[in-house]
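# What the coordinates show
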Amino acid sequence: MAGLLIKVKVDDVREEAEHIRSFRLSHAKGKLLPAFSAGAHIDVLLGNGLKRQYSLASDPSNNTAYRIAVLHEQNGRGGSAWLHEHVQSGSSLVISSPRNTFALSEEASHHIFIAGGIGITPFLAMIPALRDKGQTCELHYCARSKETAAFVKELEAYSDQNMIKSYFDGGDPSKGCNISAVLANRAVSTHLYCCGPKGLTSAVKNLAAGWSEGTVHFEHFIGSVLDASAPHEAFTLELQRSGIIIGVSTEQSALQSLTAAGIDIDVGCESGACGSCITGYSEGTPIHHDVCLSPKERLTHFTPCVSRATGALKIDL
Ligand SMILES: Cc1cc2nc3c(=O)[nH]c(=O)nc-3n(C[C@H](O)[C@H](O)[C@H](O)COP(=O)(O)OP(=O)(O)OC[C@H]3O[C@@H](n4cnc5c(N)ncnc54)[C@H](O)[C@@H]3O)c2cc1C
Ligand code: FES
C-alpha cells in the first residue's frame, strides 16, 4: 500500500560541505510533521518524475521541521542533481511519511556509530535521541577531508568530545579510522551501526563478523544493480488473501509483475535498499538480492523490486 504523502515547503537551504546541501522541510499548511524515530528516512518525490530516499538528519524530538542533507551524486541518474539545481528556499516538495530500516536497538548498553561521508546523516538524529534518553554512544566519522565532511562544526558543539572522532584520510582508508581498534574491548551488549560507501560497510562487516546476531546494523544508500545479463529463472507469486497466481517472467521483476496485475505496492528505490516494498511470505524459497533486510527478516520477508524466488512463493498480499 502506498504510504501517506505530505506537501512540504523548503524553508532553509545550506551548503554543508563540498557537493553537500541540507534542506529544511516544514509542513506546507504549518502543521506538525509525522513523528519519527532516529534512523528513519523519507521518500522525496522529485519534479523530474524520480523518487529518492533521504535519511532524516535532525533531532526526532522536533517534528516542526525535518532536515535532510543531499550529496550531489556526479554519476547518478539525476535525483540528487535535481534537488541541488532546482530546489531553493521557498520551493515546494512532496515527501512520504518516515519509514525506519535503521532503528536504534532498545537492548543495547552502548552504541558505536561508524559513518563514511554522506552516511553521517542518520547519526545526526541518533545522537540527540540517545542523549535525551541518557544513553551512551560514540561516533567515528570518516571522510576524505574536512571540506567534504558535512556537519563537522555541528558535531564539534557537543560538549562530550570524547564521543566524537573525525578521520580525514585523503582517500587512503589506511590513514583513517582503525576500525579493528574501535571494535575491540567492547561490552557484549554494545550495538554497532554503519552507514557509508561500500568499501567502508564491507570492511566493518568483515571485522564485525564475530559479533552476535542482531547487534550489527547497516544502512545502505545504494542498493543492488542486478546484472541484466545474468540468467534469471521465471517463478510464480501466489497472493495469499485472494489465491491469485501471478507469473514473473525472466525479464520482469516481481514488483513489475505485481504492478502490472494491478496490485498496489509501495515503491521507493527499486534497488533493494529502502525497504518500501518489503512483503511477507509464508511458503517458498526467495532468492534475496536486497541490502536492507537482516538475516532474520529474510526468513519471513523479501523485497519484490530486486529479489526473486525458486518455483512458487506464497506472499502476504
Ligand atoms: C534508506 C536510504 C537513505 C538515504 N539517505 C541519503 C542521504 O541522507 N543523503 C544522500 O545524499 N543520499 C541518501 N540516499 C541515496 C539517495 O536516495 C539517492 O540514491 C542519491 O541522492 C543519488 O541519487 P541520484 O539519482 O543522483 O543517483 P542514482 O542514479 O541513484 O545513483 C547513485 C549511484 O548508483 C549508481 N547506479 C547507476 N545505475 C544504477 C541503477 N540502475 N540502479 C542503482 N544504482 C545505480 C550510480 O553510479 C551512483 O553511484 C539514501 C538512500 C536510501 C535507500
Ligand atoms: S523499492 Fe526500495 S527496497 Fe524495494
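Residues numbered from 1 in each chain as written. Chains lettered and ligands numbered in written order. Predicted model: local features only at pLDDT ≥ 70, side-chain atom pairs only at ≥ 80, totals over all residues. Heavy atoms only, no water.

### Here we look at the sheet that holds strand E10 (residues 164–168)
Spatially, E10-E9-E8-E11-E12 is the arrangement adopted by the 5 strands of the open sheet, whose pairing is parallel. Taken across any chain shown, the strands that pair with only one partner, and hence form the sheet edges, are E10 and strand E12 (216–219). Neighbour-to-neighbour, the strand axes of the sheet open up by a mean angle of 15 degrees, direction not taken into account. Both strand E8 (residues 110–116) and strand E11 (residues 190–195) contribute to a ladder of 6 bridges, which runs parallel. Note that in E11 the partner of Phe113 across the bridge is Tyr193. Packing of helix H2 (residues 123–133) onto the sheet brings it into contact with E8, strand E9 (136–143) and E11, and relative to E8 it is tilted by some 160 degrees. (Pairing = 2+ DSSP bridges. Helix = DSSP H or I, 4+ residues; strand = E, 2+ residues; numbered from the N terminus. Axes fitted to C-alpha atoms, helices over the stretch in contact; angles between N-to-C directions. Contact = heavy atoms within 4.5 Å.)

### Description of the pattern of salt bridges
Evaluation of the coordinates by the stated rule reveals 12 salt bridges. Asp43 is the partner of Lys51 in a salt bridge, and the nearest nitrogen-oxygen pair spans 3.9 Å. Since its relative accessible area comes to 24%, Lys51 is described here as partly exposed. Between Asp43 and Arg99 there is a salt bridge; the shortest N-O distance is 3.7 Å. Linking Asp43 in strand E3 (residues 40–45) with Arg99 in strand E7 (residues 99–100), this pair joins segments that are 56 residues apart in sequence. (Salt bridge = Lys/Arg side-chain N within 4 Å of Asp/Glu carboxyl O. Buried < 20%, exposed > 50% of the residue type's maximum accessible area, 1.4 Å probe, protein only.)

### Considering the site of ligand 1
Close to ligand 1 lie 24 residues, the nearest being Gln53, Tyr54, Arg77, Gly79 and Ser80. For ligand 1, an oxygen atom lies 2.7 Å from a polar atom in the side chain of Ser80. Between ligand 1 and Thr121 there is a distance of 2.9 Å, counted from an oxygen atom to a side-chain nitrogen or oxygen. In the complex, 84% of the free accessible area of ligand 1, which totals 950 Å², lies under the protein chains. The element best represented in the shell around ligand 1 is strand E4 (residues 51–55), accounting for 4 residues. (Near = heavy atom within 4 Å. Polar contact = N/O pair within 3.5 Å; in protein donor to acceptor, adjacent residues only side chain to side chain. Areas by Shrake-Rupley, 256 points an atom, 1.4 Å probe, with all protein chains shown as cover.)

### Quick notes on the environment of Val216
Looking at the element boundaries, Val216 is found in strand E12. A C-alpha to C-alpha distance of 32 Å links Val216 and Ile6, two positions 210 residues apart in sequence.

### Structural notes on the sheet that holds strand E16 (residues 301–302)
Taken in spatial order, the 5 strands make up an open sheet running E14-E13-E17-E15-E16, and their pairing is mixed. Unpaired on one side and paired on the other, strand E14 (245–248) and E16 mark the two borders of the sheet. Bridge analysis of strand E15 (residues 279–287) against E16 gives 2 bridges, and the strand direction is antiparallel. Residue Gly280 lies in a different strand from E16, and its bridge partner there is His301.

### What about the packing of aromatic side chains?
Going through the model one piece at a time under the given rule, you end up with 5 aromatic pairs. Between Phe36 and Tyr66, the aromatic rings sit 5.5 Å apart at their centres with planes inclined by 85 degrees, giving edge-to-face as the arrangement. Taken together, the residues Phe36 in the loop between strand E2 (20–27) and E3 and Tyr66 in strand E5 (residues 66–71) connect sequence positions 30 residues apart. Arranged with centres 5.9 Å apart and planes meeting at 70 degrees, the rings of Phe102 and Phe123 form a pair that is edge-to-face. In this pair, Phe102 is assigned in the loop between E7 and E8 and Phe123 in helix H2, connecting sequence segments 21 residues apart. Exposure class is identical for Phe102 and Phe123. Each is buried. Grouping aromatic residues by their ring pairs yields a cluster made of Phe102, Phe113, Phe123 and Tyr193. (Phe/Tyr/Trp six-rings, centres within 6.5 Å; stacked < 30°, edge-to-face > 60°.)

### Some details on H2
Along H2, 8 of the 11 residues are buried, which leaves the element largely enclosed by surrounding structure. Phe123, Leu124, Ala125, Met126, Ile127, Pro128, Ala129 and Leu130 are the residues of H2 that are buried. Buried residues along H2 sit in contact with E5, E8, E9, helix H3 (152–156) and E11. Phi for Gly134, located one or two positions after H2, is positive at around 75 degrees.

### Quick notes on the side chain of Ser271
On the secondary structure map, Ser271 appears in the loop between helix H6 (254–260) and E15. Overall, the relative accessible area of 14% leaves Ser271 in the buried class. Residues in contact with Ser271, not counting those within four places in the same chain, are Gly223, Ser224, Cys305 and Val306.

### Thoughts on the pairing of E8
Within a regular beta strand, the side chains point alternately toward one face of the sheet and then the other, so they alternate between its two faces. Counted residue by residue, E8 has 7 buried out of 7 residues, so it is predominantly covered. Alternating positions in E8 separate into two faces, His110, Ile112, Ile114 and Gly116 on one and His111, Phe113 and Ala115 on the other, with burial throughout. With 7 bridges joining them, E8 and E9 adopt parallel strand pairing. Opposite Ala115, over in E9, you have Tyr141 as the bridge partner.

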